[in-house]
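In case you want the letters, here they are:
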Amino acid sequence: MRGKIAGLWALLMLCLSPFACAEDMQFVDAEGFSGYYVDVSSIVIGPEGGVPEGTAPEDIIDAQVAVVKADRNRRYLYRMRFDRHQETYEIFSSEMQAYDTKEVLERNSVGRRPCRYGIASPLHKIVAYINEWKEKQDRANRKSY
């Protein structure tokens, strides 16, 4: 019971924080003291170049993702590429910040090779969120015509 209360408190703190409004970060999911966000203003579907042969451009998504570890006062920002068809992700760069001050504590611009993500992974939920977000954008664009 105590863990559930702490988890709910952390989730509430994350959702009501100024961070949730900055950069157009949208809350995706939480697990324990970790909250997962995607910056919808950074989403690029079918980016120019870099699409593997045999992969449809619309299967490739570039986005900035944030992981907030409330119990450690840390925010991790990742520039990522997702391949929806292959169910892989690639990290281009990362940054660790103090959550409360946004002070950059560490930067890493060394890219990593693509890795697979599973159905239970928070990354799977992020990709699903991006798919839903794109569908809403497409519906809104069709209505405006």
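Residues numbered from 1 in each chain as written. Predicted model: local features only at pLDDT ≥ 70, side-chain atom pairs only at ≥ 80, totals over all residues. Heavy atoms only, no water.

1. What about the layout of surface pockets?
Of the volumes computed, that of the largest pocket is approximately 160 Å³. Contributing to the lining of the largest pocket are Y36, V65, V67, Y78, M80, Y89, I91, S121, P122, L123 and I126. Broken down by element, the residue count for the lining of the largest pocket peaks at 3 residues, all from helix α2 (residues 122–143). A class-by-class count of the residues in the lining of the largest pocket yields 10 nonpolar, 1 polar and no charged. (1 Å grid on protein atoms, 1.4 Å probe; cavity = no way out; pocket = protein on both sides within 12 Å on 5 of 7 lines; lining within 4 Å. Points joined across faces, edges and corners; volume = space filled by probe spheres on them. Helix = DSSP H or I, 4+ residues; strand = E, 2+ residues; numbered from the N terminus. Nonpolar A, V, L, I, M, F, W, Y, C, P; charged D, E, K, R; others polar.)

2. Re the nonpolar core
Core analysis: the biggest nonpolar cluster contains 21 residues, and V38, M80, F82 and I126 have the highest contact counts within it. Counting only elements with at least two residues in this core, the list comes to β2 (34–45), β3 (60–69), β4 (74–83), β5 (88–98) and α2. Apart from the residues within four sequence positions on either side, V38 is in contact with D24, M25, Q26, V28, I43, A63, Q64, V65, I126, Y129 and I130. A66, V68, L77 and Y99 belong to the second largest nonpolar core, which has 6 residues in total. (Core = buried A, V, L, I, M, F, W, Y, C linked by side-chain atoms within 4.5 Å. Buried < 20%, exposed > 50% of the residue type's maximum accessible area, 1.4 Å probe, protein only. Contact = heavy atoms within 4.5 Å.)

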